[in-house]
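Each chain is listed here by its residues.
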Amino acid sequence: MSKELGAEFLGTFTLVTAVCGAALFSAPSAGFIAVAFAVGLSVVAMAYAVGSISGGHFNPAVTI
């Protein structure tokens, strides 16, 4: 169970960091398309990286 929770934590942390970072630092200059690509890229990267461990839904409440 701790392996799944660790994977969920890593996936959720990466997703939240990418969304907040892209929205805060690139939205005025790069536009919303760059934010959307950052979100999509982080979801795909974490799905490939830890999806086989936890199922790749990135919601720790679902895993618990």
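Everything below is about the structure shown above.
A brief look at the structure comes next. (Residues numbered from 1 in each chain as written. Predicted model: local features only at pLDDT ≥ 70, side-chain atom pairs only at ≥ 80, totals over all residues. Heavy atoms only, no water.)

Brief notes about the overall build of the chain
Then comes step 1: Assigned secondary structure in the chain consists of 4 helices and 0 strands.
Then comes step 2: Each helix and strand of the chain, ordered N terminal to C terminal, gives the series α-α-α-α.
Then comes step 3: Over its C-alpha atoms, taken along the principal directions, the chain stretches across nearly 40 × 15 × 15 Å.
Then comes step 4: Expressed as a percentage of the 64 residues in the chain, the buried residues total 23%. (Helix = DSSP H or I, 4+ residues; strand = E, 2+ residues; numbered from the N terminus. Buried < 20%, exposed > 50% of the residue type's maximum accessible area, 1.4 Å probe, protein only.)

A closer look at helix α1 (residues 2–25)
Then comes step 1: The terminal C-alpha atoms of α1 lie 33 Å apart, and with 24 residues this matches the ideal 34 Å at 1.5 Å per residue to within 8%.
Then comes step 2: By the burial criterion, the buried members of α1 are Ala 7, Glu 8, Gly 11, Ala 18 and Ala 22. (Expected span 1.5 Å × (residues − 1).)

Re the packing of aromatic side chains
Centre distance and the angle of the planes are the two values used to describe a pair of aromatic rings.
Then comes step 1: With the rule as written, the count across this model stands at 1 aromatic pair.
Then comes step 2: Relative to Phe 13, the ring of Phe 9 lies with its centre 6.0 Å away and its plane at 20 degrees, an arrangement referred to as stacked. One end of the pair is Phe 9 and the other is Phe 13, both in helix α1 and 4 residues apart, which spans about a single turn.
Then comes step 3: A relative accessible area of 49% means that Phe 13 is categorised as partly exposed. (Phe/Tyr/Trp six-rings, centres within 6.5 Å; stacked < 30°, edge-to-face > 60°.)

Quick notes on the side chain of Ser 42
Then comes step 1: Locating Ser 42 in the fold gives a position in helix α3 (residues 32–54).
Then comes step 2: Judged by relative accessible area, which is 8%, Ser 42 ranks as buried.
Then comes step 3: Among all residues touching Ser 42, those that are not within four sequence positions of it are Thr 14, Leu 15 and Ala 18. (Contact = heavy atoms within 4.5 Å.)

Observations concerning α3
Then comes step 1: Maximum bend of α3: about 50 degrees, positioned at Tyr 48.
Then comes step 2: Where α3 is concerned, the buried positions are Val 35, Ser 42, Met 46, Val 50, Gly 51 and Ser 54.
Then comes step 3: In the segment just after α3, Gly 55 is the residue with positive phi, at about 100 degrees. (Bend = angle between axes of the 7 residues up to and from the residue.)

By themselves these figures say nothing about function.
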